[in-house]
Structure formats: C-alpha cells, structure tokens
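# Architecture and fold: a report
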Amino acid sequence: MKIYSEAIHLFTQRCEAYLKEIIVKETDLKLNRSRFEINKYTYPIHIVAFTQSDKLGYFDPHTYQIGLHQNLMHQATIPILKDIIRHELAHYLTYISHPNATKPHGSEFKDTCLKYNWNQSIAKAQININQANSEVEGDFKTQKIITKIKALLKLADSDN
C-alpha cells in the first residue's frame, strides 16, 4: 500500500534528490529535471513510500517507480539510504537494458552494479539496517540531530 503525509512527501523528495545526485555523479546518464536518458529514451524519476514489512525497497517495472519503506525515513543513515537507492536504481537500469532477465539479483543485475563501480553491498539482496548504521562513521541519533539543526539554521537564514 502506498502512503502519503507531509513527512512522507518530504522524505520522497529528499530521496529523489539523492537519486538525481547518484545519476549525475556516478553514472554516464543524462539527467533532465525529472527524467534520465538512455539511448535517446527518457525514463521517469519517481520514488514512493510504502508500508509493506518484508522488504526495504523495490523497483516496479510497470510504473517505473522506486519504492522505499517508510521506516527508512527514521531508521537509515544517509549513506545507507543512498545505498538502498543505488540498489533499486540498479534494478531499474537492469530492467531497461535486460527486460527479460530471469533472476532479480542475477548476473545482469551484478553486471550493472559493476558497470557503475558500486560495491558488493549494493548488489546484496538484504541488509540489516541496525548493523549497517553501526558500520557508518558517526552515531545515527547524532547524525539525525545534526541534520535537523542544519535544516533549522537554513530556515533561520531564509525570509520565511
């Protein structure tokens, strides 16, 4: 089920910004405002949030959407969230280049990860968020507080 709230809207906007950053900095793809280009065809950049508990993310080839679990908003550090986005982008790019690939994490998927120099952790099918957060430099709670403080300082500098 897809869900929507102001917090979810902000989360998906932030994730779309991360996705665009990944496309620009880590791939050879041309980025337009809300689409990227492969072989003169453009594909949409669209992220949705969902509540299904058995997975952290998905790519839907029928709607060209990347779905992220709503709990990532509160549980994942920015580097881990970006890795999950990379993983789902790899599914997206694999689908475009190999629409008949038989295995979701098969050789075509792994080749896509290698093509963009994404490490083994991107190609994995599962991740333990708590363990992954602990491996990232810094404390998760501290990082969340720092992010909120930066947002508040940015707001204080604005005319609003």
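Scroll up for the structure.
Attention here is on the structure that accompanies the text. Position labels on residues start from 1 in each chain and follow its written sequence. The model is predicted, so local features are restricted to residues of pLDDT at least 70 and side-chain atom pairs to those at 80 or more, both for listing and for counting; the totals for chains, interfaces and linings are taken over all residues. Side-chain measures here rest on the full set of heavy atoms in the structure, leaving out hydrogens and waters.

### Side note on the pattern of salt bridges
When a carboxyl oxygen of Asp or Glu is within 4 Å of a side-chain nitrogen of Lys or Arg, the pair counts as a salt bridge. Summed over the entire model, instances satisfying the criterion amount to 3 salt bridges. One salt bridge in this structure joins Arg86 and Glu26, with 2.7 Å as the shortest N-O distance. Highlighted residues: Arg86 in helix H3 (residues 78-97) and Glu26 in helix H1 (residues 6-26), separated in sequence by 60 residues. In this structure Arg86 comes out as buried when scored by relative accessible area, which is 13%. Linking Asp83 and Arg86 is a salt bridge whose minimum nitrogen-to-oxygen distance equals 2.7 Å. You can see Asp83 and its partner Arg86 sitting in helix H3, 3 residues apart, about one turn around the helix. By relative accessible area, which is 24% here, Asp83 ends up partly exposed. A cluster of three or more residues bridged by salt bridges with shared partners is formed by Glu26, Asp83 and Arg86. Put simply, DSSP H or I for four residues or longer makes a helix, DSSP E for two residues or longer makes a strand, and each gets a number counted from the N terminus. Categorising residues by exposure relies on relative accessible area from a 1.4 Å probe, with only protein chains included: less than 20% of the type maximum marks a residue as buried, more than 50% marks it as exposed, and the intermediate range marks it as partly exposed.

### Notes on the sheet that holds strand S6 (residues 65-69)
A pair of strands counts as paired when DSSP detects no fewer than two bridges linking them. Pairing is mixed in the open sheet, where 3 strands are placed in the order S4-S6-S5. Strands with a single pairing partner mark the edges of an open sheet, and in this sheet they are strand S4 (47-50) and strand S5 (57-60). Pairs of neighbouring strands in the sheet enclose a mean axial angle of 25 degrees, with direction left out of account. For S5 and S6, the ladder comprises 4 bridges, and the chain directions are antiparallel. In the sheet register, Tyr58 faces S6, and the bridge partner there is Gly67. To obtain each axis, a line is fitted to C-alpha atoms, and for helices this fit is confined to the stretch in contact; angles are then taken between N-to-C directions over 0 to 180 degrees.

### Structural notes on the nonpolar core
If you look at the biggest cluster of nonpolar residues, it comprises 35 residues, and the most contacted ones within it are Phe36, Leu68, Leu81 and Trp118. Elements with a minimum of two residues in this core: H1, strand S2 (35-38), S4, S6, helix H2 (72-75), H3, helix H4 (107-115) and helix H5 (120-123). Here this core gets 9 residues from one element, more than from any other, and that element is H3. Contacts are assigned to residue pairs with any non-hydrogen atoms lying within 4.5 Å of each other. If near-sequence neighbours (up to four positions away) are discounted, Phe36 is found in contact with Ile23, Leu29, Lys30, Leu31, Tyr41, Thr42, Tyr43, Pro44, Ile45, Tyr92, Leu93 and Ile96. By nonpolar core is meant a set of buried Ala, Val, Leu, Ile, Met, Phe, Trp, Tyr and Cys residues that side-chain atoms within 4.5 Å join together.

### Some details on the sheet that holds S2
One open sheet holds the 3 strands; their spatial order is S1-S2-S3, and the pairing between them is antiparallel. What marks the edges here is a single partner per strand, and that holds for strand S1 (30-31) and strand S3 (41-44). Summarising the sheet, S2 and S3 pair through 4 bridges and their orientation is antiparallel. Note that in S3 the partner of Glu37 across the bridge is Thr42. Relative to S2, H3 is tilted by about 40 degrees, and along the sheet it contacts S2 and S3.

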